[in-house]
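Inside the fold
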Amino acid sequence: MTEAGEDIFQQVLQLEWQMFTTVQNQGARASCQDDRKTFLIMRTSQFMAWDMETLVSYRRDLAEAMERGENLMAYKYGYMMEDTQPAEFAALQAQLPAVSMKKRQLVQQLLRQQLQWLDELVARFPQIVSAGRPIHVEQAARWETSCETYLRGEMYTYSEATLELLWRWVQSCKAQGRNMNEEIWQHTARLYGRKSISEL
């Protein structure tokens, strides 16, 4: 990665951390909001699997939201409540930015591909998935957050421009026979000091 690319990468992580650590929960502050190390490993793993053009666009999303005094991390968890806490979501929905039809369509396309990739990983690494989130909404217990719910909530916070770039990158990965979610797991394993997903 070039020096300029590394700078953009660090800016994204810093902006996200500033938002994440200041999210106001319904109850007490979540312990993960003080666990910067784990946060950085998880988010770094994800962004290392993106192309630079998508990352630059997402940095713009974060910076513009910060200028408006908006917290995209808070919005993400708000959107996730549609699946996990529907009654509370109904009361909160008016406080969240409306999701355009175009954005919903882009997110659905991205979700379909990422869930397919995750299902492929489940078949190969069931022990890892069994220790984490269920993949699909229908597999989650009440109040449990599936990967599907989490991904949808997060992608609803991206701009349409970022979603379009991410969709283009996902299509490129698929054409090359790459599984972007597997690459995220590979980066996670290495950041935890393991040589491979299997070792993780």
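Owing to the predicted nature of the structure, the values given are computational and were not obtained by experimental measurement.

The subject of this paragraph is the overall build of the protein chain. Tallying secondary structure elements over the protein chain gives 10 helices and 0 strands in all. Reading the helices (α) and strands (β) of the protein chain from amino to carboxyl end gives α-α-α-α-α-α-α-α-α-α. For a compact globule of 200 residues, the expected C-alpha radius of gyration is about 16 Å, and the protein chain comes in at 17 Å, within 12% of that figure. The principal-axis extents of the C-alpha atoms in the protein chain amount to approximately 45 × 40 × 35 Å. Here the protein chain holds 200 residues, and the buried ones make up 46% of them. By sequence separation, contacts in the protein chain at least 24 residues apart represent 67% of the contacts at least 6 residues apart. Carbon and sulfur atoms provide 51% of the accessible area of the protein chain, an area that totals close to 10,700 Å².

A word on the confidence of the model for the protein chain. Per-residue pLDDT for the protein chain averages 91, and the proportion of residues at 70 or more is 94%. In the model of the protein chain, helix 7 (residues 126-130) stands out as the element of lowest mean pLDDT, 74, in contrast to helix 9 (residues 160-175), which has the highest, 98.

A word on the pattern of salt bridges. Considering all chains together, one arrives at 11 salt bridges under this definition. A salt bridge links glutamate 53 to arginine 168; the shortest N-O distance between them is 2.6 Å. Of this pair, glutamate 53 sits in helix 3 (residues 52-68) while arginine 168 sits in helix 9, and the two are 115 residues apart along the sequence. Under the relative-accessibility criterion, glutamate 53 is labelled partly exposed at 43%. Between arginine 152 and aspartate 83 there is a salt bridge, with the nearest N and O atoms lying 3.1 Å from each other. In this pair, arginine 152 sits in helix 8 (residues 147-155) while aspartate 83 sits in helix 4 (residues 72-84), placing the two residues 69 residues apart along the sequence. Taken together, the shared-partner salt bridges in this structure form one network comprising Glu16, Arg43, Lys76 and Glu154.

Below, the discussion takes up a nonpolar patch on the surface. Judged by side-chain polarity, Met42, Tyr192 and Leu200 come together as a nonpolar surface patch covering roughly 260 Å² of accessible area. By secondary structure assignment, the location of tyrosine 192 is in the segment after helix 10 (180-191).

Once that is clear, we can look at the environment of alanine 161. When you line up the elements, alanine 161 lands in helix 9. Expressed as a C-alpha distance, the spacing of alanine 161 and lysine 103, which sit 58 residues apart in the sequence, is 9.4 Å.

Soluble globular proteins tend to bury their nonpolar side chains together. Formed by 50 residues in total, the largest nonpolar core has its most connected members in Phe47, Trp50, Tyr58, Leu118, Met155 and Trp185. Listing elements by their share of this core, those giving two or more residues are helix 1 (3-20), helix 2 (36-48), helix 3, helix 4, helix 6 (101-124), helix 8, helix 9 and helix 10. If sequence neighbours within four positions are ignored, leucine 118 has contacts with Ile135, Cys147, Leu151, Asn181 and Trp185.

Bringing the state of the cysteines into the picture now. The final tally for this structure, using the stated rule, is 0 disulfides. Distance from the sulfur of cysteine 173, which forms no disulfide, to the nearest cysteine sulfur (cysteine 147) is 18 Å. For cysteine 173, a relative accessible area of 0% corresponds to the buried category.

Two elements in contact, helix 6 and helix 10, have axes separated by 8 Å at closest approach and are oriented at 60°. With respect to their mutual orientation, helix 6 and helix 10 come out oblique. For the pair helix 6 and helix 10, contact is made by Gln114, Trp117, Leu118, Leu121 and Arg124 and by Met180, Asn181, Glu182 and Trp185, respectively. Its residues assigned to classes, the contact of helix 6 with helix 10 comprises 5 nonpolar, 2 polar and 2 charged.

Here we take up the packing of aromatic side chains. Taken as a whole and assessed by the stated rule, the structure comprises 10 aromatic pairs. Taking 6.5 Å as the distance between ring centres and 50° as the angle between the ring planes, the aromatic pair formed by phenylalanine 20 and tyrosine 77 counts as tilted. Taken together, the residues phenylalanine 20 in helix 1 and tyrosine 77 in helix 4 connect sequence positions 57 residues apart. What makes tyrosine 77 partly exposed here is its relative accessible area of 27%. An angle of 80° between the planes, with centres 5.5 Å apart, marks the rings of tyrosine 79 and tyrosine 156 as edge-to-face. Linking tyrosine 79 in helix 4 with tyrosine 156 in the loop between helix 8 and helix 9, this pair joins segments that are 77 residues apart in sequence.

Procedures and definitions
Residues numbered from 1 in each chain as written. Predicted model: local features only at pLDDT ≥ 70, side-chain atom pairs only at ≥ 80, totals over all residues. Heavy atoms only, no water. Helix = DSSP H or I, 4+ residues; strand = E, 2+ residues; numbered from the N terminus. Rg over C-alpha atoms; globule rule 2.2 N^0.38 Å. Buried < 20%, exposed > 50% of the residue type's maximum accessible area, 1.4 Å probe, protein only. Contact = heavy atoms within 4.5 Å. Areas by Shrake-Rupley, 256 points an atom, 1.4 Å probe, with all protein chains shown as cover. pLDDT = per-residue confidence, 0-100. Salt bridge = Lys/Arg side-chain N within 4 Å of Asp/Glu carboxyl O. Patch = residues over 30% accessible without salt bridge, like charges linked within 9 Å, V, L, I, M, F, W, Y side chains within 5 Å. Core = buried A, V, L, I, M, F, W, Y, C linked by side-chain atoms within 4.5 Å. Disulfide = S-S within 2.5 Å. Axes fitted to C-alpha atoms, helices over the stretch in contact; angles between N-to-C directions. Parallel < 35°, antiparallel > 145°, perpendicular 65-115°, else oblique. Nonpolar A, V, L, I, M, F, W, Y, C, P; charged D, E, K, R; others polar. Phe/Tyr/Trp six-rings, centres within 6.5 Å; stacked < 30°, edge-to-face > 60°.

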